[in-house]
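Listed below are the residues making up each chain.
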Amino acid sequence: MRDWNASRENPATINLIQFVPTRQEATALFRYYSKYVDYLYHIIILKRAEAQINGVYECIERGSPVKLDHLALLFSIAASALYLQLSSESSPYSEICCQEFTFLTGAALIQNNHSASPTLEGLQAVMLVVHYVCNLSSHESVSALFIHGAVVSQAKSLMLHCIDSPRSREARDQSKVDPVEVEIKRRLWWDITSSEWFLGFLSGPQEWTYQIYPTHMSVNQPRNVDDGALEKNPSLASSPISVPTDMSFTLERLKLSFVIRDIIDTIAYEQLNGLEIDYSKILELDRKIHQALSEVPEFFRLDPGSRRRFANLYKERPALAWQRCVLQQAYYSRICRLHRQFFIRGAREPTYSYSHVICLQSARKVLEIKRIMDEEEPKFTPPSSVVWSVMHHIFMAAVILLLDVCFNWDDILAEKRKEEVLDACRILSKAQQSSCLVKEGIQAMMNILQKHWKNDKLAVPGGSQPNQPSSPVSGPAEDPAQSVIVPFEPTDKPMPVAQTWDSAPNVSTNQFVDGDERQLEDIWSEFLENGYNYTFEDADWTGLLTELTSATIPCG
């Protein structure tokens, strides 16, 4: 961690050992990852990964060869943990630390010939990079390992798509196969598959398509069991969904992905061919997504009764409280996206009025969930404002409310609704102070918003250029702000990066001043005051929402 020149070297020949963190630093990073990162995408068994990382250091101490795929897993955990921790501190080093460790992850995989002969631990390392640092630009010499098509190819090379085929089951019966490893493979395959389907419902080149088909796989869903119980009894049966486990969130996220895939299958043809969608299809898909939402376990619900009933559970297992918010926000943001094509039409045509109403309700739910994230115990750690997928959802919800105010500028409740929009804007402003990389994402989306606005005088002070790539994290999931950073325990805090940086680049500290918040709120206030001039041509507002989604694609 003391010489940040790794990415200047050839990944195939670089001496990786010289860049390995000290054992103490690795322990702190792993502890931080376990507590505050892993809950979003649970694709490793923590105790097993910890043993593999310890094995790396034992090999180094003995002077024996290191398992390169285990080393890649160590580097990927360091990348994701440092990225989120330093982002929450608005550190200017968060991005470059993450890029260096991502490069080292890729270098370890290249030296292990991962593309031709992938391993389970190597694929786990790739997926951690994809999930937690996916919006950061990897060094070109290793970036090919982390693109989605390569990930799917690696998984198929490991035969993950046919884990539970008759031939595979027969082979397992005839040989000694670690049943826990088989379960990890199921988790990895379904994580890749669900992410693929979520991507198909996001703007961009992959929109309305996917390459993993249900009929082309034979893989049981992961079991609803805690990791500790699974390690003790690998043949343990799956618990009912009403029983909270380490896998509860993963399984509920998977259920949502099934609905998303159904949406793609149902309306992709019309979308790709520019045809009018039969509104009855939208209503039927809306019914399916609401049905899935109604079936989530009680401990993942946000009604006051459920929140009181499971308060002690959330204290014991804070990850469940955080996952509950992420899951609910994922549902409501997708409901909003499903209906947004009919949003403005629903305000003026009674036939589509349901879409107008449900879009507004869902956008308000997204914002309400953000406030729960910020205000209720146990609070998110790191704060939800540093998770880009969360803030992307907030921005989109704010724009929905903004468009509605401008379209109905003479509504009797117009002033109250303007204040509602400005409240959402203040959430975005505070988020900029929580993470410099989230600030970049917000600026990128502000430029899209400015480009589509009719008033050329509405410039974005300090904004990046239109279509400039940004690098905020994603997180989970899938897509609100807290200015107080929850302090880490002393044993959890890695060595301050700025103090161990021997060759620190000349970068701006990117500190935030009061003017940043005032500027952003002023810009939105001008949008609101001049909104009556907006013509609301269908191509304008639908194009705006599409571009905002693809400007900085969230991973969750």
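Residues numbered from 1 in each chain as written. Predicted model: local features only at pLDDT ≥ 70, side-chain atom pairs only at ≥ 80, totals over all residues. Heavy atoms only, no water.

## What about the overall build of the chain?
Point 1. Within the chain, the regular secondary structure consists of 21 helices and zero strands.
Point 2. Total accessible area on the chain is roughly 22500 Å²; 50% of this is exposed by carbon and sulfur atoms. (Helix = DSSP H or I, 4+ residues; strand = E, 2+ residues; numbered from the N terminus. Areas by Shrake-Rupley, 256 points an atom, 1.4 Å probe, with all protein chains shown as cover.)

## A look at the pattern of salt bridges
Point 1. Throughout the structure, instances matching the rule amount to 29 salt bridges.
Point 2. Where Asp178 meets Arg48, a salt bridge forms, and the shortest distance between an N and an O atom there is 2.7 Å. Remark: Arg48 occurs in helix H2 (residues 46–62) and Asp178 occurs in the loop between helix H7 (166–174) and helix H8 (179–199); sequence separation between them is 130 residues.
Point 3. Overall, the relative accessible area of 29% leaves Asp178 in the partly exposed class.
Point 4. One salt bridge in this structure joins Arg261 and Asp265, with 4.0 Å as the shortest N-O distance. (Salt bridge = Lys/Arg side-chain N within 4 Å of Asp/Glu carboxyl O. Buried < 20%, exposed > 50% of the residue type's maximum accessible area, 1.4 Å probe, protein only.)

## Brief notes about the side chain of Asp374
Point 1. Along the chain, the position of Asp374 falls in helix H16 (residues 353–375).
Point 2. Of note is the side chain of Asp374, whose polar atom sits 3.0 Å from the side chain of Lys370. (Polar contact = N/O pair within 3.5 Å; in protein donor to acceptor, adjacent residues only side chain to side chain.)

## A look at the packing of helix H10 (residues 248–272) against helix H14 (residues 318–339)
When two helices pack together, their arrangement is given by the angle between their axes and by how far apart the axes lie.
Point 1. Where H10 meets H14, the closest approach of the two axes is 10 Å, and the angle between their N-to-C directions is 5°. With respect to their mutual orientation, H10 and H14 come out roughly parallel. Of the residues in H14, those touching H10 at Phe249, Glu252, Arg253, Leu256, Ile260 and Ile263 are Gln323, Val326, Leu327, Ala330, Tyr331, Arg334 and Leu338.
Point 2. For the contact of H10 with H14, the class distribution of residues is nine nonpolar, one polar and three charged. (Axes fitted to C-alpha atoms, helices over the stretch in contact; angles between N-to-C directions. Parallel < 35°, antiparallel > 145°, perpendicular 65-115°, else oblique. Contact = heavy atoms within 4.5 Å. Nonpolar A, V, L, I, M, F, W, Y, C, P; charged D, E, K, R; others polar.)

## Concerning the nonpolar core
Point 1. Formed by 173 residues in total, the largest nonpolar core has its most connected members in Phe395, Leu449 and Trp524.
Point 2. For this core, the element with the most residues is helix H17 (residues 388–407), which contributes 15 residues.
Point 3. Discounting residues that sit within four places of it in the chain, Trp524 has contacts with Phe395, Ala398, Val399, Leu402, Val421, Leu422, Cys425, Leu428, Met446 and Leu449. (Core = buried A, V, L, I, M, F, W, Y, C linked by side-chain atoms within 4.5 Å.)

## Observations regarding the packing of aromatic side chains
Point 1. A full pass over the atoms with the stated rule returns 19 aromatic pairs.
Point 2. Centre to centre, the rings of Tyr41 and Tyr132 are 5.7 Å apart; their planes meet at 75°, and the pair counts as edge-to-face. Here Tyr41, found in the loop between helix H1 (23–36) and H2, pairs with Tyr132, found in helix H5 (residues 120–132); they are 91 residues apart in sequence, far enough to count as distant.
Point 3. Looking at Tyr41, the relative accessible area reads 2%, which means it is buried.
Point 4. On the basis of an interplanar angle of 50° and a centroid distance of 5.8 Å, the ring pair of Trp197 and Phe258 is categorised as tilted. Of this pair, Trp197 sits in helix H8 while Phe258 sits in helix H10, and the two are 61 residues apart along the sequence.
Point 5. Phe258 sits in the partly exposed class, given a relative accessible area of 23%. (Phe/Tyr/Trp six-rings, centres within 6.5 Å; stacked < 30°, edge-to-face > 60°.)

## Re H1
Point 1. Between its terminal C-alpha atoms H1 stretches 20 Å, which fits the 20 Å expected from 14 residues at 1.5 Å a residue.
Point 2. For H1, the complete set of buried residues consists of Glu25, Ala26, Ala28, Leu29, Phe30, Tyr32, Tyr33 and Tyr36.
Point 3. Those residues of H1 that are buried are in contact with H2, helix H3 (68–88), H5 and H14. (Expected span 1.5 Å × (residues − 1).)

## Examining the confidence of the model for the chain
Point 1. Across the chain, pLDDT averages 84, with 83% of residues at or above 70.
Point 2. Taken element by element, the chain is modelled with least confidence in helix H20 (residues 514–529), mean pLDDT 69, and with most confidence in helix H11 (residues 279–294), mean pLDDT 98.
Point 3. Below a pLDDT of 50 lies the segment residues 455–518, which in the model reaches 186 contacts outside its immediate sequence neighbourhood of four places, other chains included. (pLDDT = per-residue confidence, 0-100.)

## A closer look at the side chain of Asp69
Point 1. Mapped onto the elements of the fold, Asp69 is located in helix H3.
Point 2. Here Asp69 is buried and forms no salt bridge, its nearest opposite-charge partner Lys67 lying at an N-O distance of 6.5 Å.
Point 3. Non-local contacts of Asp69, meaning those with residues more than four positions away in its chain, are made with Asn112, Thr119, Glu121 and Gly122. (Lys, Arg positive; Asp, Glu negative; His and termini not counted.)

## Thoughts on the packing of H16 against helix H18 (residues 414–434)
Point 1. Between H16 and H18, the shortest axis-to-axis distance is 11 Å and the interhelical angle comes to 45°. What the angle tells us is that H16 and H18 run oblique. Helix-helix and strand crossings are classified by hand; for H16 and H18 the assignment is left-handed. Contact residues: Arg364, Leu367, Lys370 and Arg371 in H16; Arg417, Glu420, Asp423, Ala424 and Ile427 in H18. (Left-handed = near helix turned anticlockwise from the far one by under 90°.)

## Re unusual backbone geometry
Point 1. A cis amide bond links Glu377 to the next residue, Pro378, at an omega of -5°.
Point 2. You can see Pro378 is positioned in the loop between H16 and H17.
Point 3. Going from Thr381 to Pro382, the amide bond is cis rather than trans, its omega being -5°.
Point 4. Checked against the element boundaries, Pro382 lands in the loop between H16 and H17.
Point 5. Positioned with a positive phi, Asn113 is a non-glycine residue whose angle comes to about 55°.
Point 6. Looking at the element boundaries, Asn113 is found in the loop between helix H4 (94–111) and H5.
Point 7. With relative accessibility at 44%, the residue Asn113 sits in the partly exposed group.
Point 8. Even without being glycine, Met159 reaches a positive phi, approximately 60°.
Point 9. Within the secondary structure, Met159 sits in the loop between helix H6 (148–157) and H7.

## Some details on the environment of Leu199
Point 1. Examined against the element boundaries, Leu199 turns out to sit in helix H8.
Point 2. Of the residues examined, Leu199 reaches a relative accessible area of 24% and is grouped as partly exposed.
Point 3. Put simply, Leu199 and Tyr210 are eleven residues apart on the chain and 8.0 Å apart in space, counted from C-alpha to C-alpha.

## Remarks on the environment of Leu128
Point 1. Structurally, the position occupied by Leu128 is in helix H5.
Point 2. Separated by 90 residues in the primary sequence, Leu128 and Asp38 place their C-alpha atoms 9.3 Å from one another.
Point 3. Residues in contact with Leu128, not counting those within four places in the same chain, are Tyr33, Ile43, Leu73, Ser76, Ile77 and Val133.

## Some points on H2
Point 1. For H2, spanning 17 residues, the distance from its first C-alpha to its last is 24 Å, which sits close to the expected 24 Å at 1.5 Å a residue.
Point 2. Inspection of H2 places Ala49, Gln52, Ile53, Val56, Tyr57 and Cys59 among the buried residues, and these make up the whole buried set. The buried residues of H2 occupy an angular sector of 155° when projected down its axis, which confines them to one face. Seen from the open side of H2, the exposed residues pointing more than 90 degrees away from its buried face are Lys47, Glu61 and Arg62.
Point 3. Next to the buried residues of H2 lie H1, H3 and H5.
Point 4. Downstream of H2 by one or two residues, Gly63 has phi in the positive range, about 75°. (Arc of directions from axis to C-beta.)

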